[in-house]
Every structure is written in structure tokens, then in C-alpha cells.
Amino acid sequence: MPAPITFLLVEGPHDAEFMACLLKGRGFEQRKFVSAIPELYRKLIPKDYPAKNENGKEVPLTDPHPVPRFYQNAGSWVFILIGGGSKSAHTLAKALRTSRLAGFDVDSIGVILDQDLEARPEEARDTFIAEFAKEQDLPFPVDFNIKPGTFVQGPPRLGLFVLPDNSQPGALEDLLLECGEAQYKALKDKALSFRDDALENAGLTADDLALYGKPGGLKEISRQKKAWVGAMGAVLMPSMAIQNSIRDNRWLAGEALALPRIQNVRRFIEDLLA
């Protein structure tokens with residue numbers, strides 16, 4: 001009997017490492033070498049470099065090569081697909097088409113979105129659905145018009161989760177800051193003081209802060225949280241991206257794993273793999 005296969009779509013490498021930490025708690029280990037991946041599943045790895053985007057154009061050399069993350073435990077596989085914004089729907093659709101051509105079935109599909117700048121989690125879901133509806137030639141109908149945080153049985157089993165908690169505005173950074181409060185409280189407090197002092201007193205120009213958007217807006221709030229987490233990560237993993245800190249430091253350990261909103265995500269992953 002073939003091993004169960006799950007596609008888990010996330011928006012970026014930070015989300016991927018966060019979910020990988022939760023998978024590790026379920027006994028999954030990352031397969032980092034092609035030789036450790038069955039030939040059947042290697043077809044998910046683009047052979048061309050640079051890869052082509054959804055319009056058939058070359059992906060810039062400065063972008064990461066769109067390779068899934070492969071995780072295996074004793075009885076199943078999880079392939080983490082990294083999309084991002086409007087690319088997410090195409091990333092999932094392409095993986096589904098590839099699985100059909102390769103000749104293997106997907107038992108469950110999970111989609112993890114950020115609510116971020118959307119007013120409600122349903123809006124984040126609907127934006128994804130609208131992009132996914134543009135995809136053609138799927139191997140089977142896929143309908144994500146479900147309440148965020150819930151599942152439909154399928155097959156395949158489908159689930160959709162809108163970070164941070166299927167309810168409140170935010171993104172992965174909100175969960176990381178909660179973890180930071182539990183695991184690195186003193187560092188978190190000092191990182192906040194540094195961030196606020198730098199924004200007010202470091203002589204930064206409007207061009208320097210262009211990514212923050214309109215003062216007081218949701219984008220500025222989101223960017224400030226990212227800067228807060230980034231300041232913590234710069235101490236924990238100097239010169240490295242925050243995903244390295246999520247993977248190798250104590251964000252998702254100890255008391256952090258018992259936090260209610262972390263438990264919500266853990267239950268979603270467990271239900272997806274059920």
C-alpha cells in the first residue's frame with residue numbers, strides 16, 4: 001500500500017520552517033538529498049533552471065528555485081510547497097498536475113495563509129480561491145470554500161488555515177512573538193526597545209521606511225512586527241534569515257508549544273495528517 005502523501009502549501013520560507021517544527025513533533029524528518037526521495041516524487045523538483053513562472057517566463061536568478069521541502073516519518077510523506085501571494089494558487093495547482101503525470105495520489109491537502117492585511121480571514125481565503133479558480137487542467141475538483149480552520153473529507157482531505165488564528169488580523173509574526181514571550185522574554189523586550197528607538201531616533205528617511213506604508217495602517221503594523229521578530233533573530237542567528245532561527249532555536253519548544261494559538265495550528269496539522 002502506498003505511503004500517504006500530504007501537500008502542505010505555505011506562503012513563505014518562515015511559514016515552512018514553522019510548520020516543519022510542528023511536523024518534527026510528529027516524528028517527521030526532512031529529506032535533504034535527492035537520493036533519499038523516491039524517484040516518483042522527484043518529479044516535483046523542477047529540472048529547468050531558471051524555472052518558469054505561471055506565464056511561462058523565466059523566474060529571475062535572484063529568486064529561490066521552487067523546490068518543495070520533503071518530510072517523511074515511518075508511514076507517510078509531507079511535501080511543503082512554498083508559494084507567496086498570488087503565486088500560492090499556481091504553486092499548488094502545478095504540484096497537483098505534476099502528481100497526476102507522475103502517477104501518485106495525494107491523500108490530503110492543507111493550505112496555510114496569512115490574514116495579514118485582509119480585514120477578515122474569509123477575505124484571505126476568498127483571494128486564494130479566486131486565484132486558484134484561474135488554474136486549468138487539474139486532476140480533480142478542489143474547492144477551498146470552507147470555514148477557515150476546518151476540513152472537508154474528500155478524497156483528498158482538504159483543510160485551510162488562516163494565520164494567526166482564523167479570527168484576528170495578523171500573520172506568522174504574531175505567533176512568533178507569543179512564542180518569544182514564553183521562550184525569550186528578556187530578548188523580546190530589548191528587541192522592542194531597539195526597534196522603537198531606531199524608528200524614532202536613527203535618522204531614517206521616508207525612503208528608508210517606504211516598506212512600512214501609511215502611518216497607522218495595517219501594513220505598518222505588520223512591518224513593525226516583522227522588524228521586532230527580525231531584531232530578535234539577528235541576535236539569535238547573526239547574519240542569517242529568520243527561518244534559520246525558527247528551525248534551530250527555541251521558538252517552538254517548552255512552554256511555547258502549550259500556547260492556545262500554537263495548539264490551534266498543531267491540531268490543524270494533526271487533523272490534516274489523520
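Below or above, wherever it landed, is the structure these notes cover.

## Some remarks on helix H4 (residues 172–183)
Phase 1 of the analysis: Between its first and last C-alpha, H4 extends 16 Å over 12 residues, near the 16 Å set by a 1.5 Å rise per residue.
Phase 2 of the analysis: Across the 12 residues that make up H4, a large majority, nine, are buried.
Phase 3 of the analysis: Leu172, Glu173, Asp174, Leu175, Leu176, Leu177, Cys179, Gly180 and Gln183 are the residues of H4 that are buried.

## Notes on the sheet that holds strand E1 (residues 5–10)
Phase 1 of the analysis: In space, the seven strands of this open sheet follow the order E2-E3-E4-E1-E5-E7-E6, with mixed pairing throughout. On the outer flanks of this sheet lie strand E2 (29–30) and strand E6 (151–152), each paired with one strand and no other.
Phase 2 of the analysis: Taken together, the two bridges between E2 and strand E3 (residues 69–72) define a ladder with antiparallel strand orientation. Bridging from a neighbouring strand, Gln30 pairs with Tyr71 of E3.
Phase 3 of the analysis: Its contacts with the sheet place helix H2 (residues 87–102) against E1, strand E4 (77–82) and strand E5 (108–114), and it is angled at close to 160° to E1.
Phase 4 of the analysis: Helix-sheet contacts for helix H3 (residues 121–132) involve E1, E5 and strand E7 (157–163), and the interaxial angle to E5 is about 120°.

## Things to note about the pairing of E7
Phase 1 of the analysis: Among the seven residues of E7, seven are classified as buried, and the element is accordingly described as predominantly covered.
Phase 2 of the analysis: Burial along E7 is two-sided: the residues Arg157, Gly159, Phe161 and Leu163 and Leu158, Leu160 and Val162 are all buried.
Phase 3 of the analysis: Bridging between E5 and E7 involves seven bridges; their strand directions are parallel. Opposite Val111, over in E7, you have Leu160 as the bridge partner.
Phase 4 of the analysis: Taken together, the two bridges between E6 and E7 define a ladder with antiparallel strand orientation. Considered in E7, the bridge of Val152 is made with Leu158.
Phase 5 of the analysis: In this antiparallel pair of consecutive strands, E6 and E7, the connection spans four residues, and Gly154 shows a positive phi of 80°.

The rules we used
- Residues numbered from 1 in each chain as written.
- Predicted model: local features only at pLDDT ≥ 70, side-chain atom pairs only at ≥ 80, totals over all residues.
- Heavy atoms only, no water.
- Helix = DSSP H or I, 4+ residues; strand = E, 2+ residues; numbered from the N terminus.
- Expected span 1.5 Å × (residues − 1).
- Buried < 20%, exposed > 50% of the residue type's maximum accessible area, 1.4 Å probe, protein only.
- Pairing = 2+ DSSP bridges.
- Contact = heavy atoms within 4.5 Å.
- Axes fitted to C-alpha atoms, helices over the stretch in contact; angles between N-to-C directions.

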